[in-house]
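These are the residues of each chain, in order.
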Amino acid sequence: MSERKPYVRRRYWNEPEMGWYERSYFFEIWRGLKVTGGVFLANLWKWMTGRKGALTAYYPEEIRADYAENNRGRHVLTQRPDGRPQCVACNMCATVCPARCIEIDAAFDPDDPAHPKYPSRFEIDYARCVFCGFCVEACPEDAIRMVKDTPGFPGFDRHRMWFGQEELLNWRPQQDVAKPYPAAGRPAPGGTP
Amino acid sequence: MAEIRSYTMNFGPQHPAAHGVLRLVLEMDGEVVQKADPHVGLLHRATEKLAESKPYNQSIGYMDRLDYVSMMCNEHAYVRAIEKLVGIEAPLRAQYIRTMFDEITRILNHLMWLGAHGLDIGAMTMFLYCFREREDLMDCYEAVSGTRMHATYYRPGGVYRDLPDTMPKYAPSRFRGRKEIDRLNDARSGSLLDFIEDFTKRFPAAVDEYETLLTDNRIWKQRTVNIGVVTPERALNLGFTGPVLRGSGVEWDLRKKQPYAAYDRVDFDIPVGVNGDCYDRYLVRVEELRQSNRIVKQCVDWLRANPGPVMVDDRKLVAPRREEMKGDMESLIHHFKHFTEGYCVPAGEAYAAVEAPKGEFGIYLLSDGANKPYRVKCRPPGFPHLAALEEMTCGHMLADVVAVIGTLDIVFGEIDR
Amino acid sequence: MSVALEQHAEALSARFGDTVERVPSRCSELTFEVSSGALREVCAALRDEPEWRYEQLVDVAGVDYLDYGRDEWNTEDATSTGFSRGRSASVRPESYAHYGTESRVGPREGRRFAAVYHLLSVSGNRRLRLRAWCEPGEPPMLDSVVDVWSSANWFEREAFDLYGIVFRGHPDLRRLLTDYGFVGHPFRKDFPLIGNVEVRYDPAKGRVVYEPVSIEPRVLVPRVIREDNRYAPELKDPKRHG
């Protein structure tokens, strides 16, 4: 390794041996074409009869609806019945976030003695989010969730990929406090996912 | 007589055959490579340094992103390193789930490799066929963890949640009729295990299909036989592991030799090559597809018969369940402590390796007793493989460089980290 | 630790004498510290001599022990202030008086950098870890083992790149993972996590420009060290790390 050996041109020969069966060409071609042609013809037949053969989705028109129930798509902030966030600004999700993409400012609301602490600002930077789901696991109030959805928010500018509290609350409003929580380790008793 | 000069050629970093962001500076004599100098690091994200700044659990998700084609195997190595240092053992059911998903990951990775390698050296159809099967396995990933790739599913002490009882189903649309949907949903009507079992029944036929198209294909053989030959001695000295080492004829597989998870409880064979060329490595990997399928089948049978916990019951290491946390003050304290501070791992060092699809993926973990690792070193299998690229390609033609890069199964997430 | 492994360790200690020193390990792994002067001979012997036959060098990891055993938050008595999550710009110990700053393991006699070698014997199905402390000074120096195991080539380049450890006798010691023209060794503990410069394309100038980094560093979780009595106390031996 210490000094480079002088370059010797090697004899270059990688022609594999072929028997008469391979040499006769047509059997081998037919064997391969049977596989590819079979798929092609089957899909063609389906297409001609108005069905779809390929498993691929025609993306903008056809969106796959078959996400798993616990798919980690986009975040939702759940609401209380009066429409305010269930979040109590405890900062657990921001602490546990590996990408540090959640920012919360807590505020005090003297008119609501039951829930005096609320987030005056709750922002998620989707340019940094890694969709690991730790925020959902950590939230003691079930105030943040991830629902199945295509996280399709392309942006031309990373600064436009901050999503604020209003959007997170209202893009798909969710209130049901009785939702079974994502269980650590075991399925939640009595809850259908 | 014309003077012959060497040319210096830049290959990549944005070349489709470079498998990511490999920049290769080639010195060519005509069409024969004389010197190859890979420049890596274009995907360097300092994962190891980032891991030093976070509590242990938060780095699990980063491990997925190292080798982003074999996600759960990377997590497995990291999680095992922590478990080794803390001195706990995951429950048996979790071990089986890990074994099963490691093998699913291996199939995923080898399918990706087969498709991409085929595409590189001229077999376009392979790519499409491999992705057809990959899609089903991605659905398994999604059903169990919630995401199709970056699962964050393994945890120190087990796995995050038990296997789901339902599979997501296709919905009718104007592109697919009711009958077609029923046919597609047939395998998805049961639990995840039913779906995986159905897959293991279908999969050998798919592998036969790939082999029909490639194994005796004369173009395939011309492109791979006698290309990039590595002798067993050199392979060991160069630090090769995994299928690349076995392709050279060294019988070494961590799953057999240093069994972890439930590998000592399942039955499988290790394919070994003879000549150490690209074709042998191809044969080894295709046979591994079949063997992985066998392991997955055995794991499905075991998991079906043996329900049980999938996480250790240790509140210092594992967060309490949601319903416990909601009802019990002490659990709530544990929950807060777990997610804000994490757990402290006793001072010491551990090296945990798993047989990832590409070779030995190891995590060297050095802890000083804090809640964050002091040093995490990932040992990516592709790193020494790529380092040996020069030795493997010298004297071959330019087109064979593509074949060699393909056969090394390089993913830059793990090489650059 | 199994009997065979123990015998192997004793044989190793006997063969190499005082150039190697056994280090106790938590999880039945063999660890030896090699004096940096004898590194190359020990490695060559480990590869070639029939009773060891470590054919493979699996990994070389550089380690910077600067902050070893140093926490950022005192856990022994309560403080009157909380740890301001997400808002503290820096938790270097000097700016926070109540942080536990003392390294609990004690100084390692002024030694800072080490390289950790993981060896694998395919024929004997054994693993071995060697730690070699670099000679103090800047740059830290070690002998290269490239001529023993070719796989050390890139691993040593990586350790040089990230930690600045210079491997004497390495044929091609260039930077590997960092950018062309990168300044500094990013994995050293005194190199900031966010880096020093950031890169962007400047449309006005029509080229890529380097600027001082603009990210605001945030430490969400302080580094704490807790004496945990669950782990066996006899293993909590500070000498383990030299």
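The structure presented is a predicted model; accordingly, all values stated were derived computationally and were not measured.

A. Representation of the overall build of chain A. When you go through chain A residue by residue, the secondary structure sums to five helices and five strands. Taken from the N to the C terminus, the helices and strands of chain A come in the order α-α-β-α-β-β-α-β-β-α. In chain A, which comprises 193 residues, the share counted as buried stands at 41%. In chain A, 67% of the contacts between residues at least 6 apart in sequence involve partners at least 24 apart. By element, 59% of the accessible surface of chain A is carried by carbon and sulfur atoms, the whole surface being about 11,700 Å².

B. Examining the sheet that holds strand β3 (residues 117–125) of chain A more closely. Residue and element names in this part refer to chain A. Read across the sheet, three strands follow the order β2-β3-β5 without closing on themselves; strand pairing throughout is antiparallel. At either end of the open sheet lies a strand with only one pairing partner, and these are β2 (102–108) and β5 (162–163). Here seven bridges tie β2 to β3, and the two strands are oriented antiparallel to one another. Residue pairing across strands places Ile102 opposite Ile124, the latter belonging to β3.

C. A look at the packing of helix α3 (residues 71–86) of chain B against helix α4 (residues 92–120) of chain B. Residue and element names in this part refer to chain B. Contact geometry for α3 and α4: axes closest at 8 Å, N-to-C directions at 145 degrees. For the pair formed by α3 and α4, the contact residues are Met71, Met72, Cys73, His76, Val79, Arg80 and Glu83 on the first element and Arg98, Phe101, Asp102, Thr105 and Leu108 on the second. Of the residues assigned to the contact of α3 with α4, the class counts are six nonpolar, two polar and four charged.

D. Inspection of the sheet that holds strand β8 (residues 375–379) of chain B at higher detail. Residue and element names in this part refer to chain B. Strand order across the open sheet formed by three strands is β6-β7-β8, with antiparallel pairing between neighbours. Both outer strands of the open sheet, β6 (348–356) and β8, are each paired with one neighbouring strand and no more. Shown here is a sheet whose adjacent strand axes are inclined to one another by a mean of 10 degrees, direction ignored. Sheet topology places strand β7 (residues 359–367) next to β8; five bridges connect them, and they run antiparallel. Bridge pairing links Leu365 to Val376 in β8. Across the sheet, α3 is in contact with β6, β7 and β8; its angle to β6 comes to roughly 150 degrees.

E. Looking closely at helix α1 (residues 3–16) of chain C. Residues and elements named next belong to chain C. For α1, which comprises 14 residues, the first-to-last C-alpha distance of 20 Å matches the rise-based estimate of 20 Å (1.5 Å per residue) to within 8%. Among all positions of α1, only Leu5, His8, Ala9, Leu12 and Phe16 are buried. All buried residues of α1 lie within an arc of 100 degrees about the axis, which places them on one face of the element. Turned more than 90 degrees off the buried face of α1, the exposed positions are Val3, Gln7, Glu10 and Ala14. The inward-facing, buried residues of α1 abut β1 (20–23), β2 (31–34), α2 (39–48) and β5 (126–133). Downstream of α1 by a residue or two, Gly17 has a phi angle that is positive, lying close to 60 degrees.

F. Layout of the interface of chain C and chain B. Counting residues at the interface gives 64 residues for chain C, matched by 66 residues for chain B. Taken together, both faces of the contact between chain C and chain B bury some 5,400 Å²; the carbon and sulfur share is 54%. There are 10 salt bridges connecting chain C and chain B. Our enumeration of links across chain C and chain B arrives at 31 residue pairs in polar contact (both at pLDDT 80 or more). Those elements giving two or more residues to the side of chain C that touches chain B turn out to be β3 (56–64), β4 (113–121), β5 and α3 (152–163) of chain C. With nine residues, the single largest contributor to the side of chain C that touches chain B is β3 of chain C. Considering only residue class, the side of chain C that touches chain B consists of 32 nonpolar, 10 polar and 22 charged.

G. Structural detail: the pattern of salt bridges. Residue and element names in this part refer to chain B. Enumeration over the complete set of coordinates arrives at 63 salt bridges over all chains. For Arg202, the salt bridge identified is with Asp198, shortest N-O distance 3.0 Å. Linking Arg202 with Asp198, this pair stays in helix α7 (residues 192–214), spanning four residues, or about one helical turn. By relative accessible area, which is 35% here, Arg202 ends up partly exposed. Asp198 gets classed as partly exposed once you look at its relative accessible area, which sits at 27%. Between Arg246 and Asp253 there is a salt bridge, and its shortest N-O distance comes to 3.2 Å.

H. Molecular detail of the pairing of β6 of chain B. Residues and elements named next belong to chain B. For β6, the buried fraction is high: nine of the nine residues fall into the buried class. Covered by surrounding structure in β6 are Gly348, Ala350, Ala352, Val354 and Ala356 together with Glu349, Tyr351, Ala353 and Glu355, the residues of both alternating faces. Linking β6 back to β7 in an antiparallel pair, the connection comprises two residues.

I. Representation of the environment of Thr178 of chain C in the model. All names here are of chain C. Looking at the element boundaries, Thr178 is found in the loop between β7 (166–168) and β8 (197–202). Exposure remark for Thr178: the relative accessible area of 11% places this residue in the buried category. Separated by 17 residues in sequence, Thr178 and Asp161 place their C-alpha atoms 7.1 Å apart. If we ignore the near neighbours within four places in the chain, the residues touching Thr178 are Asp161 and Pro186. Within the structure, the side chain of Thr178 is placed 2.7 Å from the side chain of Asp161, a separation counted as a polar contact. Polar contacts involving the side chain of Thr178 include one to the side chain of Arg175, which spans 3.3 Å.

J. The arrangement of the interface of chain B and chain A in detail. Tallying the contact residues gives 74 residues for chain B and 63 residues for chain A. Of the roughly 6,000 Å² buried at the junction of chain B and chain A (both faces included), carbon and sulfur atoms supply 52%. On the chain B side of the contact with chain A, Phe175, Arg218 and Arg322 of chain B bury the most area, a combined 13% of that side's loss. One can count two salt bridges joining chain B with chain A. The salt bridge involving Asp216 of chain B is made with Arg31 of chain A; its shortest N-O contact spans 4.0 Å. Seen at the junction of chain B and chain A, the total is 19 residue pairs in polar contact (both at pLDDT 80 or more). Of all the secondary structure elements, the ones that give two or more residues to the side of chain B that touches chain A are β3 (32–39), α5 (124–145), α6 (178–185), α7, α8 (218–224), α13 (322–327), α14 (329–340) and α16 (389–393) of chain B. At eight residues, the largest contribution of residues to the side of chain B that touches chain A is made by α5 of chain B.

K. Local environment of the packing of helix α2 (residues 26–48) of chain A against α5 of chain B. As a packed pair, α2 of chain A and α5 of chain B sit with axes 12 Å apart at the nearest point and diverge in direction by 65 degrees. Along this stretch, α2 of chain A crosses α5 of chain B, giving a crossing that reads as left-handed. Contacts between α2 of chain A and α5 of chain B involve Val35, Thr36 and Val39 of chain A from the former and Thr125, Tyr129 and Arg132 of chain B from the latter. Its residues placed into classes, the contact of α2 of chain A with α5 of chain B shows three nonpolar, two polar and one charged.

What counts and how
- Sequence order as written defines the numbering, with residues in each chain counted from 1.
- Following the order in which they are written, the chains are lettered starting with A and the ligands numbered starting with 1.
- Local features in a predicted model are, by the rule used here, given only for residues with pLDDT of at least 70; side-chain atom pairs are given and counted only at 80 or more, and totals for whole chains, interfaces and linings are based on all residues.
- Side-chain metrics rest on all non-hydrogen atoms present in the structure, leaving aside hydrogens and water.
- Under the scheme used here, helices are H or I runs from DSSP no shorter than 4 residues and strands are E runs no shorter than 2 residues, and both carry numbers assigned from the N terminus.
- Per-residue accessibility, obtained with a 1.4 Å probe over protein chains only, is compared with the maximum for each type, and a residue is labelled buried under 20%, exposed over 50%, and partly exposed between these values.
- Whether two residues touch is decided by their heavy atoms; if any such pair falls within 4.5 Å, the residues are in contact.
- All accessible areas in this document rest on Shrake-Rupley with a 1.4 Å probe, and a residue is counted as covered only by the protein chains that are shown.
- Strand pairing is defined by DSSP finding a minimum of two bridges between the two strands.
- Fitting a line to C-alpha atoms yields each axis, with helices limited to the stretch in contact; the angle taken between N-to-C directions then spans 0 to 180 degrees.
- Three categories are distinguished: nonpolar for Ala, Val, Leu, Ile, Met, Phe, Trp, Tyr, Cys and Pro, charged for Asp, Glu, Lys and Arg, and polar for the others, with Gly belonging to the last.
- The span one expects for a helix is its residue count, reduced by one, times 1.5 Å.
- To obtain the arc, one takes the directions from the helix axis to the C-beta atoms.
- For any pair of parts, buried area is found by adding up, for both, the accessible area (1.4 Å probe) each one loses once the two are put together.
- The salt bridge criterion pairs a side-chain nitrogen of Lys or Arg with a carboxyl oxygen of Asp or Glu, the two atoms within 4 Å.
- Think of a polar contact as two N or O atoms within 3.5 Å of one another; within protein, one of them needs to be a possible hydrogen donor and the other a possible acceptor, and neighboring residues in sequence only count if both atoms come from side chains.
- Handedness of a helix crossing follows the sense of rotation of the near helix relative to the far helix, less than a right angle counterclockwise being left-handed and clockwise being right-handed.

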